[in-house]
Protein chains: 2
Amino acid sequence: MAALCISFLFQLFFCLVFSLPTGRNSICGYKSCPATNPSMLNVHLVPHTHDDVGWLKTVDQYFYGDRNNIQHAGVQYILDSVIDQLQKDPARRFIYVETAFFYRWWKQQSQSTQRIVTQLVNEGRLEFINGGWCMSDEATTHYSAVIDQMTLGLRFLNDTFGECGRPRVAWHIDPFGHAREHASIFAQMGYDGFFFGRLDYQDKARRMKTKEMEMLWRASESLTPPVADLFTGVLPNGYNPPEGFCWDQSCDDAPIRDDPDLEDYNVDEIVQLFVNTSYKQAAFYKTNHIIMTMGSDFQYENANLWYKNMDKLIKYVNALQAKGSKVNVLYSTPSCYLQELNLANFTWPLKTDDFFPYADAAHDFWTGYFTSRPALKLYERLSNSRLQTCNQLEVLGGPKSTSGPFGEGDSDTMKRAMGVAQHHDAVSGTEKQHVAYDYARRLATGWAHCEILVRNSLAVLSGSEAPRVFCENLNISVCPLTESSHKFSMNVYNPLGRTVSWPVRLPVNGSAYNVTDSTGKTVESQVVPLSKSTKEVRRNRGYAKGELVFQVEAPPLGYSTYIISMHKDEPQASSAKPTATRSIQNKFLKVTFDDTTGLLSSLTNLETNQTIRLTQNFYWYNASVGNTESPQTSGAYIFRPNSSDPLVINKTAEIQIVTLSNTVQEVTQWFSPWVSQVVRLYEGRKELELEWTVGPVPVADGLGKEVITRLETDIKSSDYFYTDSNGREVLERRKDYRPTWDLKQTEPVAGNYYPINSRAYIKASVVQPITSALFASWDDKHQLTVVTDRSQGASSLYNGSLEIMLHRRLLHDDFRGVGEPLSEPGEFSDGLVVRGHLLLTLTPPDTAADVHRPLAQGMVLQPLLSFQDGTPSANTKLQFSGLQADLPPAVHLLTLSQWDKDLVLVRLEHQYEAKESKTYSQPVTVNLQKLFSTLKVLGASEMSLGANQWKEDMNRLQWNPEKTSKPLPLSAKDPSPGEVTLNPMEIRTFLLRVQQL
Amino acid sequence: MAALCISFLFQLFFCLVFSLPTGRNSICGYKSCPATNPSMLNVHLVPHTHDDVGWLKTVDQYFYGDRNNIQHAGVQYILDSVIDQLQKDPARRFIYVETAFFYRWWKQQSQSTQRIVTQLVNEGRLEFINGGWCMSDEATTHYSAVIDQMTLGLRFLNDTFGECGRPRVAWHIDPFGHAREHASIFAQMGYDGFFFGRLDYQDKARRMKTKEMEMLWRASESLTPPVADLFTGVLPNGYNPPEGFCWDQSCDDAPIRDDPDLEDYNVDEIVQLFVNTSYKQAAFYKTNHIIMTMGSDFQYENANLWYKNMDKLIKYVNALQAKGSKVNVLYSTPSCYLQELNLANFTWPLKTDDFFPYADAAHDFWTGYFTSRPALKLYERLSNSRLQTCNQLEVLGGPKSTSGPFGEGDSDTMKRAMGVAQHHDAVSGTEKQHVAYDYARRLATGWAHCEILVRNSLAVLSGSEAPRVFCENLNISVCPLTESSHKFSMNVYNPLGRTVSWPVRLPVNGSAYNVTDSTGKTVESQVVPLSKSTKEVRRNRGYAKGELVFQVEAPPLGYSTYIISMHKDEPQASSAKPTATRSIQNKFLKVTFDDTTGLLSSLTNLETNQTIRLTQNFYWYNASVGNTESPQTSGAYIFRPNSSDPLVINKTAEIQIVTLSNTVQEVTQWFSPWVSQVVRLYEGRKELELEWTVGPVPVADGLGKEVITRLETDIKSSDYFYTDSNGREVLERRKDYRPTWDLKQTEPVAGNYYPINSRAYIKASVVQPITSALFASWDDKHQLTVVTDRSQGASSLYNGSLEIMLHRRLLHDDFRGVGEPLSEPGEFSDGLVVRGHLLLTLTPPDTAADVHRPLAQGMVLQPLLSFQDGTPSANTKLQFSGLQADLPPAVHLLTLSQWDKDLVLVRLEHQYEAKESKTYSQPVTVNLQKLFSTLKVLGASEMSLGANQWKEDMNRLQWNPEKTSKPLPLSAKDPSPGEVTLNPMEIRTFLLRVQQL
């Protein structure tokens, strides 16, 4: 992209000139690929290193090679060494993947080294593959953060190397299962192909047999092909070299001993083994090209070992051609291999589902990490919300945001922290404890930088430079300012593109408060007593006696300000005293409790007048410690219960009505000293909120516990359930079934778990025979949707049931390298307490999305509350919106981020799938020029999703799928330049040249 | 030496021109040393790798980096990496030590790499240190092989790099104790200093306290100082870096994290630790210079890790000088450090004893390896004899030796095999079993190459091209030719410079033979029955019924031929039937046996008419498996008996008179099924031969056994005994005593063991009070000397006793890395059987050397027997001598070896110490021109002992010792050019230009 002039849109022209030369004589990309031999079996050796952006060590420990007693790994040395070795022979190639590391290394290099590296990149000898900040996890990440981290990495490569730095291939060799949404994102980012290493062992066996190791993945049911089509290849050996050919310093395979004067000359033997290995591998693939991944975790720290032996291998194997051998081995890259596959012009099998769950053996299902480290998973999700807010306020506040009255702030630190957190051993929860702390620390540091930015920006926007505090611990009702102040104002910033209202709960010590909104209007509020569980969890970190509850509303991409002052007079008569009750309800929902058990018993949508039986309880699976069938234990990665029947925490719940007020109605359920729940209905909300608190999970009995909540209904879901993919499109799941192979189910629970990122639902899958007088007529009209606050594992093991795993505390490692049992100590070392929310909606299936889409977006992008003590000064602007108007309901402002001086990156997204909403699953058009209230859009250029290529330059390789019978979705076009039409599930990315108004 | 003209001797001039440029602009050596700061504490960082020439892996496995599952080590990569890294910064330095590895690497390099390396050497950035083929063991090597292996390495360096490749410093950082003879050799080779890492922990503690870590070692009592004076330094941390500063890939120390943007910035902390460490170390040394060895075993495989962090260390530590710090750290080498010590012009403590035994803790005496792997130790010693023969015959046979009727032969293979075998984990016996086999295999291969050379050479010299066989297994009486042939000839080649006679024993199946010498004269011979123990040991490898015994004689550096034919007639009446006897005797000696026990009871020298009580028996120390005092076990390195009292194998021996004939008288003693001995007196020999056979050592009882033989006499030795140093000068030992510190003895047996290489003796140390009527008058006149056939451990724990450890079989590893118990399986996997010889002489002390010196040389350089079937053809030359005459008795021809076309290397040695022989401890003169019978000496130039420098160019650094009261020996000068005077213990090395006559 560098040094190119941007395409024109509207009447406005502008030219983006990047500072780095693109390498005038560069022959990078496909042009730089080595020659192959069409009449031979071509073996593409791909020298690579897999550098986890944190796992057993922190990302910086990995970079430096610190704590080598934990794991020998030092990325600085890997890059040093590879660059040295590449220079020794132009035939040598290397790919590098993780930009978080490359960035660290690059900025420490001398200019002369940088020049050498640039030359290597320009000649295709060093090629960036994937190129995101990290290699993201696919099960537990949210698409918003994934797109951001990819953008961060790709931008660094583009800024540094221009077009030659643009990765052609996506490369997820290690993630533990593969999400369809990831494939869709990669396709939209312009990648020509995708390779990975891990898939279900049964799936792999079948694919090897049928030569379906390589395929075309149609990754969206909404986007018009080939927009979300991605050529996808399964690598032959995970991402390791074939047996006997690992020449890293960490390996023990025999080096090639080719000096006849020394003992153990082994050239003939090694060459023969290689030729045999090549033919064996070729039997599973379609073309006369095969790929071998020559590297593994943190390899190439001493690249000489690899290259010296591969040089010899190539020399001696190819020397045999003179004697009639038909094996041709060469240094290559995934993109050069991909190009050969493309040139073969074959048709490829079509894949439309995903690659979850992943099992590498009969009792080894990697479905535990969907839930592992639930607190980190939430913190990562909240951090994404904060980063988006930070990004937006950087744009809206202008240059003073980063350098203003509160000092120097930036969004980059948070971007990088979030980039790192997307790693497949970060938010996945599969890292060591000390590394998990490091990820959290990075997010906190990122937020500290953003806080300054946000303070500056809000000062610009509001005109008030009064000190502003943020309350990090509202989830446990701790906020020193609100606890102590008699009068304060609260700024509610809304990062969404439409006006949203939320319930707010502030820890207070007064018994009644006066709350007014930006217009001075009093807002109904209520002080509710602090729940016992909150008191237990906060311990002595806060002293609030109650929570002030009220609804707030904020304009799109803007804020409103609430002024809260304590009543001097004595408490109002406290709202309805806690009493036993059989139900709570608001305008929209009614929920009943069973008298005997204290559990939920039904849920009614009062608008649609539909009711389902709904019971809910908490259980724990007893984690396997291995048995005679398999030594596999449950651990950070693996979920393996020792029985398919979880143990109930308590058959009955002790219930306590905390509050029955206009503002909120809540019932607390006590299941045990370590499991409680608040069932809550806020005024005006269409969802039932379940606030669960789990922990410290007791393990004194020596049993690892995987805690779930299970919802049981009378919905006739018949083995079907639905889970989202990275928070976007929803996939159908079916118990004990895989769409693409004949599953032999070996783990009836773990083998049916799937990741959910934002939601799961069950619905009546077909018209059911009448079995119940009461509910029968509604059977095909019910959809129970659960929106979650973080990624979790979920399943539906019984008709009408849906279970979600909430927390895990285990006593054994699961032999996948992390080397620790997943037993989070928590702040007081007695086991981590986790609190979270499930939002339940009951709707007819055909309107469900109309509710759960905005509900989930509101969960993902939460309002940012900030507080100022006292009364705002008179000239303070109490309300602000960055948009001229609310966006249409189907449109989500995914990204608004400062790109460069006068340039902002904007992503607009259609947040509905093609068929899920009668109302919203339609093309919708937005006028870019009429979007922002404070920015004049001088020009715009559409980019690839990763923002590293002009959209019009995206010429992806074309692939022929085997025929499909599925109808292809169609898409509408932009009506005029500047008017952007979004089709269902479409994301469009623009670089806007703007001027602050 | 390269490109220099040789100095003139006689009237003959010649000029040696070597092919390699010496680097015209080179500034190597001391001139290339980095600047230091006289007002600061200068810390010399010495980047180095310690590359064992075999240990846990074979030398070639180490070179290639094969079998990394045993130990991660690959020398090819070390050199690759270091050369790369040195190029990155001219300040960086590296030293390389083991030429066996460098040679392997060098010959695989491209010309361009060779040019780069030459440049680095010429600039002193890569410096060779020590430079022998290996870093030899000091306890178990013979000086002849040590000088050879040093010469081999130094010559390669000289041929390759010229003067800049000449090592200035000897560097024995790992050997387990240090021999005085090694220091003497190094001094005579022109080394300016010597550094080592291991010395007794008590010695080290004292030296640190008194700042005597650096000293002047006066390594000979015969040579005139400073000929054998060697500046010697004890390194501060063995050879490792100080704690916290190991940056090799094999280490876990924290890298320097100096990027303030990343976590855990640690520069200040590391700098402070380094400064503290430096001052702490400086407290133990005299000057304001200290040395730090930055490396260890097989380190620098990825040199970038080391250099990158050391670069930073130097930068940040020296940056503190601007703030007043007085620590100056720099890349350096041992020679640059040495130069600074020399410039300091201090006086240094004088050291005159040696550094044996070595203990690294109270119960950890490294005295087991003196005996470990006794069969390998013998094979190495025999191989030296064969190599000298091979070298001599290459010279004497002329060019046809290496390319003649029997094919292509060479001595180089054997030289390199012997070079490798001198390594401190080779002949020392401290390698893994598979590596021990590899050393033996290399020696066998070396000999196979030599065999061809020897066949060619003898064909040239004798005029007979008839097939010639060698019998490898005469020690177990196996030789297919002699067993089956009715008539054959035997060539006896004598590698010594004087006529020698030996008894010969040939396995035969006839009962009587006719033996004639070169002149046709019949030689008295005898067929003696094969001993039961030999039959047991040979198993089914041979079928001889008896051994034909006769004395042979061969001229100096020449051969004689014996013709042996079987008598057709029936056996002579077998010599005296075995009967019980109380004694055997010949002209010189009489030995008696105790009737009751069957043990020896006395030994009489019939010439001097002196008799001692002499009993001898076999015992085993029960190897410690660790106890409450210390977990230390007995192992390959460590000798630790679990009691000071060994267990007797048998209090009595079953004795059997095998032979009582004119030729030989022998008595077999049976102690157990696995211990037997033949006591033997050959006609005309002045030594009593004890042929012991030990093994398989039984370990079914779970007890490791260390088998000794103990000689007990009535000699009043009073805690004193004497052991040789590498087969040359003899050192006085005293029980529970060390000359240089106040010993706290913690292991009464192991702590009194010393290595012997050729001999040990006891003598009456002072005039004793009369205590025994029979022997009293002789007390001060007896010296009992034992000459051994290989290196062994020995001690004298009781007055009049001398014990020698013969064999060890252990069941535990001793925690020094080898990771195996020393339990040699032997050929039949039931435990190795070892056979050997002890030669006993009884003399007055003042004439003892006259006997044991030639006896030991004869043991070291044994005749080579070769056989031809049938009768020699008429024109066969049956006798030959390469010398014009026998050398004077004091002179030993140490080396005669082809150096280049027309150039031969000659070493002449005075084999007596200054005071040990009234007769021979005098200067002796040899005329080089009158030496050889078949070579005309055209010119000669004297060299340093290592033959890598003209003698006249040897300008060693001068050092001032603290005063000594010992009288200094004086030396005589050469009377004229060409006449070479040898003073006691002097070795003189000449390169001769010769012409075959």
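Residues numbered from 1 in each chain as written. Chains lettered and ligands numbered in written order. Predicted model: local features only at pLDDT ≥ 70, side-chain atom pairs only at ≥ 80, totals over all residues. Heavy atoms only, no water.

## Remarks on the interface of chain A and chain B
Contacts between the two partners involve 42 residues from chain A and, on the opposite side, 42 residues from chain B. For the pair chain A and chain B, the two sides together bury roughly 3,400 Å², of which 40% comes from carbon and sulfur. Summed over the three residues of chain A that lose the most area to chain B, namely Y64, L262 and E263 of chain A, the buried surface amounts to 20% of that side. Among the salt bridges present, the one from D66 of chain B reaches R257 of chain A, with a minimum N-O distance of 2.4 Å. Put simply, chain A and chain B have 36 residue pairs in polar contact (both at pLDDT 80 or more) between them. Of all the elements in the fold, those that place two or more residues in the side of chain A that touches chain B are α1 (59-64), α2 (75-86), α9 (303-319) and α13 (433-462) of chain A. (Contact = heavy atoms within 4.5 Å. Buried area = accessible area lost by both parts, 1.4 Å probe. Salt bridge = Lys/Arg side-chain N within 4 Å of Asp/Glu carboxyl O. Polar contact = N/O pair within 3.5 Å; in protein donor to acceptor, adjacent residues only side chain to side chain. Helix = DSSP H or I, 4+ residues; strand = E, 2+ residues; numbered from the N terminus.)

## Here's the deal with the sheet that holds strand β39 (residues 834-843) of chain B
Residues and elements named next belong to chain B. Strand order in the open sheet formed by nine strands is β27-β28-β29-β30-β39-β36-β35-β32-β33, and the pairing between neighbours is antiparallel. Since the sheet does not close on itself, it has two edges, and those belong to β27 (654-660) and β33 (730-734), each with one partner. On average, each strand axis in the sheet is inclined to that of its neighbour by 20°, with strand direction left out of account. The sheet contact formed by strand β30 (residues 688-694) and β39 spans seven bridges and is antiparallel. Among the inter-strand pairings, T693 is bridged to a residue of β39, identified as R835. (Pairing = 2+ DSSP bridges. Axes fitted to C-alpha atoms, helices over the stretch in contact; angles between N-to-C directions.)

## A word on the state of the cysteines
Going through the model one piece at a time under the given rule, you end up with ten disulfides over all chains. For C246 of chain B, the disulfide goes to C251 of chain B, at an S-S distance of 1.9 Å. When its relative accessible area of 9% is taken as the criterion, C246 of chain B is described as buried. Judged by its relative accessible area of 13%, C251 of chain B is buried. In this model C471 of chain B forms its disulfide with C479 of chain B; the gap between the sulfur atoms is 1.9 Å. In this structure, the disulfide formed by C471 of chain B and C479 of chain B twists by about 45° around the S-S bond and is classed as right-handed. The thiol sulfur of C134 of chain A is not disulfide-bonded, and the nearest other cysteine sulfur, from C450 of chain A, lies at 18 Å. (Disulfide = S-S within 2.5 Å. Buried < 20%, exposed > 50% of the residue type's maximum accessible area, 1.4 Å probe, protein only.)

## Concerning the packing of helix α2 (residues 75-86) of chain B against helix α9 (residues 303-319) of chain B
Interhelical geometry of α2 of chain B versus α9 of chain B gives an angle of 30° and a closest axis separation of 8 Å. The residues of α9 of chain B that touch α2 of chain B, namely those facing S81, V82, Q85 and L86 of chain B, are A303, N304 and Y307 of chain B.

## Quick look at the relation of the copies chain A and chain B
Mapping chain A onto chain B is achieved by rotating through 180° and translating by 0.0 Å along the same axis, at an RMSD of 0.1 Å. When the rotation and shift are considered jointly, the pair of chain copies conforms to a two-fold rotation axis. Within chain A, N302 of chain A has its C-alpha nearest the rotation axis, a separation of 2.8 Å. Taken together, the interface assignments show that 100% of the residues at the interface of chain A recur at the interface of chain B, consistent with an identical surface on both copies. (Least-squares fit on C-alpha atoms with pLDDT ≥ 70 in both.)

## Some thoughts on the pairing of strand β25 (residues 610-622) of chain A
Residue and element names in this part refer to chain A. For β25, the buried fraction is high: ten of the 13 residues fall into the buried class. Judged from the four bridges that link them, strand β24 (residues 600-605) and β25 form a sheet pairing that is antiparallel. Bridge assignment links S602 to a residue of β25, and that residue is R613. The loop that links β24 with its antiparallel partner β25 comprises four residues; one of these, N609, has a positive phi angle of about 60°. Sheet topology places β25 next to strand β31 (residues 705-713); nine bridges connect them, and they run antiparallel. Its bridge partner lying in β31, Y619 is registered against I708.

## So, the packing of aromatic side chains
Residue and element names in this part refer to chain A. According to the stated counting rule, one finds 96 aromatic pairs over all chains in the structure shown. Put simply, the rings of Y96, F102, Y103, W105, W106, F128, W133, F156 and F161 touch in pairs and so form one group of aromatic residues. Against the face of W670 rests K532, its NZ or CZ located 4.2 Å from the ring centre. One Lys or Arg, R710, reaches over the ring of Y619 and ends 5.3 Å from the middle of that ring. (Phe/Tyr/Trp six-rings, centres within 6.5 Å; stacked < 30°, edge-to-face > 60°. Lys NZ or Arg CZ within 6 Å of the ring centre and 35° of its normal.)

## A few points about helix α10 (residues 334-344) of chain B
All names here are of chain B. Burial analysis of α10 places nine of its eleven residues in the buried class, which makes it a mostly covered element. Where α10 is concerned, the buried positions are P334, S335, C336, Y337, L338, Q339, E340, L341 and N342. Positioned one or two residues after α10, N345 has a phi angle of 60°, which is positive.

## Quick look at helix α3 (residues 99-106) of chain B
With respect to burial, α3 of chain B is a largely interior element, eight of its eight residues being buried. Where α3 of chain B is concerned, the buried positions are T99, A100, F101, F102, Y103, R104, W105 and W106 of chain B.

By themselves these figures say nothing about function.
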